[in-house]
Amino acid sequence: MLNVEAVNARLGRVLVVEDDPGIATQMVRGLTRAGYETGSVTTGQAALDWPVPDVVLLDLGLPDIDGVEVCRRLRQSCDAAIIIVSARGEESDRVLALDEGADDYLIKPFGLQELLARIRAVLRRSRQPAGHSQVLQHGPLTVDLRTHKVSVHGQQIAVTPKEFAILECLASDPGRVVTRQEMLERAWDEHWYGPTKVLDVHMAALRKKLGDPHLIETVYGHGFRLADQDAGS
Ligand code: CA
């Protein structure tokens with residue numbers, strides 16, 4: 001199906017963090033066949049010690065450190081996209097993991113094609129094609145689409161791929177109200193069928209990081225927009 005030799009180099013590096021050898025073997029096999037450079041570890045500590053990959057597929061029930069804690073530490077130390085792959089499917093589990101910086105959440109059992117689609121989606125979010133260099137500026141906010149760097153009042157802020165996607169949505173047409181549905185579709189890909197509450201979780205985290213509660217306005221019943229910056233324009 002895929003010309004593995006040709007795409008291998010640029011598809012990306014994926015780390016599977018899974019203590020169930022059956023599931024791990026299946027995932028590694030599928031990912032390798034799809035052309036990803038794939039590594040596999042069975043503990044949280046080994047995941048934290050691993051050279052930073054492009055995508056981490058993270059089980060929550062690990063023998064040493066809980067996956068949510070691993071997620072939190074990974075997010076603090078690197079900008080790899082994190083997809084939780086877990087049998088824990090409760091909304092509270094999802095929200096907790098997303099709150100700790102996960103980019104997506106896949107519930108076991110899952111199909112390989114869906115896993116691959118989600119990996120493509122997070123990679124698409126964290127990469128911009130060459131030549132698409134563009135810097136969006138709105139008031140004190142600067143969003144660099146090529147380097148994925150965000151700054152407020154010249155101060156650089158570390159954001160997760162999802163938070164960046166939200167900002168990209170808003171900053172690409174400042175002042176326009178972006179509906180919740182539109183944001184979920186653009187930032188979470190068409191494969192997102194989960195609760196829309198995750199958007200609020202990411203939005204709250206993003207606002208906190210931006211440090212200015214008035215930068216992103218909630219338009220009740222509609223969605224969000226970047227606030228007017230009269231002073232700056
Ligand atoms: Ca497990």
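Before reading on, note that the structure itself is shown above.
Residues numbered from 1 in each chain as written. Predicted model: local features only at pLDDT ≥ 70, side-chain atom pairs only at ≥ 80, totals over all residues. Heavy atoms only, no water.

1. A word on the layout of surface pockets
Filter applied, for reference: A cavity here means a set of points on a 1 Å grid, drawn over the protein atoms and nothing else, where a 1.4 Å probe fits but cannot get out; a pocket is an open set with protein on both sides within 12 Å along at least five of seven lines, and a residue lines either one if it has an atom within 4 Å of a point. Grid points are joined across faces, edges and corners, and a volume is the space filled by probe spheres set on the points. Secondary structure elements follow DSSP: runs of H or I no shorter than four residues count as helices, runs of E no shorter than two count as strands, and numbering proceeds from the N terminus. The classification used treats Ala, Val, Leu, Ile, Met, Phe, Trp, Tyr, Cys and Pro as nonpolar, Asp, Glu, Lys and Arg as charged, and all other residues, Gly among them, as polar. For the domains described, the bounds stem from an automatic or database domain assignment.
Its volume calculated, the largest pocket comes out at about 880 Å³. As for the largest pocket, its lining consists of 35 residues, of which Arg75, Asp79, Ala158, Val159 and Thr160 are closest to the centre. Those elements that provide at least two residues to the lining of the largest pocket are helix H4 (67-77), helix H5 (91-99), helix H6 (112-126), strand S9 (155-157), helix H7 (161-171) and helix H9 (197-210). For the lining of the largest pocket, the element with the highest residue contribution is H9, accounting for five residues. Of the residues that constitute the lining of the largest pocket, the class distribution is 15 nonpolar, nine polar and eleven charged. A domain-level breakdown of the lining of the largest pocket finds at least three residues from each of domain 1 (4-126) and domain 2 (135-232).

2. With respect to the coordination of the calcium ion
Put simply, the rule reads: Only nitrogen, oxygen and sulfur atoms within 2.8 Å of the metal, or 3.2 Å for Na, K and Ca, are treated as donors, and water is left out, so sites may look incomplete. Burial classification: accessible surface area is computed with a 1.4 Å probe over protein chains only, and a residue below 20% of its type maximum counts as buried, one above 50% as exposed, and the rest as partly exposed.
Binding of the calcium ion to the protein goes through Asp19 (OD), Asp59 (OD) and Gly61 (O), at separations of 2.2 to 2.4 Å. All donors of the calcium ion come from a single chain, and their spacing in sequence reads D-x39-D-x1-G. Overall, the relative accessible area of 6% leaves aspartate 59 in the buried class.

3. Remarks on the environment of valine 41
Of note, valine 41 is situated in strand S2 (residues 37-41). Note on valine 41: relative accessible area 6%, which makes it buried. Considering only alpha carbons, one finds valine 41 and alanine 24, 17 residues apart in sequence, at a separation of 8.6 Å.

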